[in-house]
2 protein chains.
Amino acid sequence: MTMEDGISKSPGYCGDTDGDYDVLQWDTREDCEVRQILDRIADKWSLLVIALLDQRSLRFTELRRRIDGISQRMLARTLRHLERDGLVSRTVYPTVPPRVDYELTPLGATLHHTIRALVTWTEEHQNQIAFARAAYDARVAVEQETADREAAEREAIARDVLAAGAGRVARMPSESRRPR
Amino acid sequence: MTMEDGISKSPGYCGDTDGDYDVLQWDTREDCEVRQILDRIADKWSLLVIALLDQRSLRFTELRRRIDGISQRMLARTLRHLERDGLVSRTVYPTVPPRVDYELTPLGATLHHTIRALVTWTEEHQNQIAFARAAYDARVAVEQETADREAAEREAIARDVLAAGAGRVARMPSESRRPR
DNA sequence: CGGAATCCGCCACGATACTG
DNA sequence: CAGTATCGTGGCGGATTCCG
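For clarity, every value in this text was computed on a predicted model and none was experimentally measured.

Caption draft 1: Looking closely at the overall build of chain A. Scanning chain A from terminus to terminus reveals five helices and three strands. For chain A, the α and β elements follow one another from N to C terminus as α-α-β-α-α-β-β-α. Residues classed as buried in chain A amount to 38% of the 180 residues present. Looking at chain A alone, contacts between residues at least 24 apart form 42% of all its contacts between residues at least 6 apart. With an accessible surface of roughly 10900 Å², chain A has 53% of that area assigned to carbon and sulfur atoms.

Structure follows, in structure tokens:
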């Protein structure tokens, strides 16, 4: 049992939830527990699993087939994490072909609403984001191009000066300049 | 310009947002754009930056100091990603000590509510999760222990059998079986 | 079928140093 | 001050194999 990943034995509270927290101090308490939990539930696969488990309980292979990009290792890991966090429950039927069902716990069900909100936001704004990205990329590309041109120009000038400085006549080698 | 990370030039749509999407098919369209955006905004630092930028605009160093765990590299990267996605805007004041302000765009402001919801959920349920984890860990520890004991027992039996077999005729080793 | 264990590539992230 | 460039490393995640 290598334990491989960062499952800490001791939760180690760092700040209680007394309800007196301030939005402006939210950042300070960030790297305690909230951050960790957030990273866990918002990771690559957890969102998917929770979303799929919302309506009905599913078996391991069913989940595997529905998610499609996931490896059995990652699915097992994700499910164990979610089970550990009390978000999904695991029930084993000791039949001849072993069968294991996963379903959302009440706690997991409450999370689902929040997750849906996030996903919905993403869906609703993905075109805006795509547009913003395209604009940004275009702007960067232009800047890059002009920077390249200017750099080439400077280089050509430097070459010219050097050539003129180097002994003898040396006619303008500016012909070697490569406009792009 | 190494481009280092996965900033793809071409967005590459894979499913339009025609409003006719079904919750049950949400999983299938997962690995297209939504997943990518989700990973971006829910990553380790973006949430923090957006949360901090909610009320007022901040300079680079101000953000750096407030987040505290972050390296200048990650902050720069995060800010550029958010800028690219059109969630924060960057304004440069060409003063003698250069000054750069970051603030949320309207789009970024809309995201803030959703993020707050997620964080709030986490804050409200972190004790439940901690409890579930403790219970899970305890259960696993117990199972682990019993498994170890049984393994040791089996090993002892195996040793007995081998010793009996090595020593000539070997009387029925079934006596060494430990009924449980 | 439902995993656990092992090996391994790769890249995300952090620390450091340099630029404008 | 506000970054970029370079390097080193831990761990995430995939492929494979074995077990109950």
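Caption draft 2: Fine view of the sheet that holds strand E2 (residues 88-93) of chain A. Residues and elements named next belong to chain A. The three strands are arranged E1-E3-E2 in an open sheet whose pairing can be described as antiparallel. The strands lining the two open edges of the sheet, one partner per strand, are strand E1 (58-59) and E2. Contacting E1, E2 and strand E3 (99-104), helix H2 (residues 46-53) crosses the sheet at an angle of about 90° to E3.

Caption draft 3: The sheet that holds strand E3 (residues 99-104) of chain B, seen in detail. Residue and element names in this part refer to chain B. The three strands lie next to each other as E1-E3-E2, forming an open sheet whose pairing is antiparallel. Pairing within the sheet leaves two strands with one partner each, and these edge strands are strand E1 (58-59) and strand E2 (88-93). Summarising the sheet, E2 and E3 pair through six bridges and their orientation is antiparallel. Counterpart to serine 89 in the pairing with E3 is glutamate 103. Helix H2 (residues 46-53) contacts E1, E2 and E3 of the sheet and is inclined by roughly 90° relative to E3.

Caption draft 4: Up close: the protein's contact with DNA strand C. Near DNA strand C you find 19 residues, and of these Arg59, Thr61, Arg90 and Tyr102 of chain A together with Met74 of chain B are the closest. Protein-adjacent atoms of DNA strand C, using a 4 Å cutoff, are sugar or phosphate at a proportion of 72%. A distance of 3.4 Å separates a base oxygen of DNA strand C from a polar side-chain atom of arginine 73 of chain B. Taken together, the elements giving at least two residues each to the surface near DNA strand C come down to helix H3 (60-67), helix H4 (72-84) and E3 of chain A together with helix H4 (72-84) of chain B. Of the residues in the surface near DNA strand C, the class split is seven nonpolar, four polar and eight charged.

Caption draft 5: Up close: the nonpolar core. Core analysis: the largest hydrophobic core is formed by 60 residues, its most contacted members being Ile41, Leu53 and Leu63 of chain A together with Ile41, Leu53 and Leu63 of chain B. Not counting residues up to four positions away in its chain, the partners in contact with leucine 53 of chain A are Leu58, Leu63, Val88, Tyr102, Glu103 and Leu104 of chain A.

Caption draft 6: Representation of the pattern of salt bridges in the model. Residues and elements named next belong to chain A. Scanning the entire structure with this criterion turns up eight salt bridges over all chains. With its nearest N and O atoms 3.2 Å apart, the salt bridge here joins aspartate 101 to arginine 99. Here aspartate 101 falls in the buried class, since its relative accessible area comes to 9%. Residue class for arginine 99 comes out partly exposed when judged on its relative accessible area of 31%.

Caption draft 7: Just the side chain of histidine 112 of chain A, in detail. All names here are of chain A. Its location among the elements puts histidine 112 in helix H5 (residues 106-165). Taking relative accessible area as the criterion, histidine 112 reaches 8% and is therefore assigned buried. Here histidine 112 is in contact with Ile50, Ala51, Asp54 and Leu104, once residues within four sequence places are set aside.

Caption draft 8: Representation of the protein's contact with DNA strand D. Near DNA strand D lie 18 residues; those nearest to it are Met74 of chain A together with Thr61, Arg80, Arg90 and Tyr102 of chain B. Within 4 Å of the protein, the atoms of DNA strand D are drawn from sugar and phosphate moieties in a proportion of 72%. A distance of 3.0 Å is found between a sugar or linking oxygen of DNA strand D and a side-chain nitrogen or oxygen belonging to arginine 59 of chain B. Counting residues per element, the ones that place at least two in the surface near DNA strand D are H4 of chain A together with helix H3 (60-67), H4 and E3 of chain B. A breakdown of the residues in the surface near DNA strand D according to their chemical character gives eight nonpolar, three polar and seven charged.

Criteria and cut-off values
Residues numbered from 1 in each chain as written. Chains lettered and ligands numbered in written order. Predicted model: local features only at pLDDT ≥ 70, side-chain atom pairs only at ≥ 80, totals over all residues. Heavy atoms only, no water. Helix = DSSP H or I, 4+ residues; strand = E, 2+ residues; numbered from the N terminus. Buried < 20%, exposed > 50% of the residue type's maximum accessible area, 1.4 Å probe, protein only. Contact = heavy atoms within 4.5 Å. Areas by Shrake-Rupley, 256 points an atom, 1.4 Å probe, with all protein chains shown as cover. Pairing = 2+ DSSP bridges. Axes fitted to C-alpha atoms, helices over the stretch in contact; angles between N-to-C directions. Near = heavy atom within 4 Å. Polar contact = N/O pair within 3.5 Å; in protein donor to acceptor, adjacent residues only side chain to side chain. Nonpolar A, V, L, I, M, F, W, Y, C, P; charged D, E, K, R; others polar. Core = buried A, V, L, I, M, F, W, Y, C linked by side-chain atoms within 4.5 Å. Salt bridge = Lys/Arg side-chain N within 4 Å of Asp/Glu carboxyl O.

Purely geometric stuff here, so don't read any function into it on its own.
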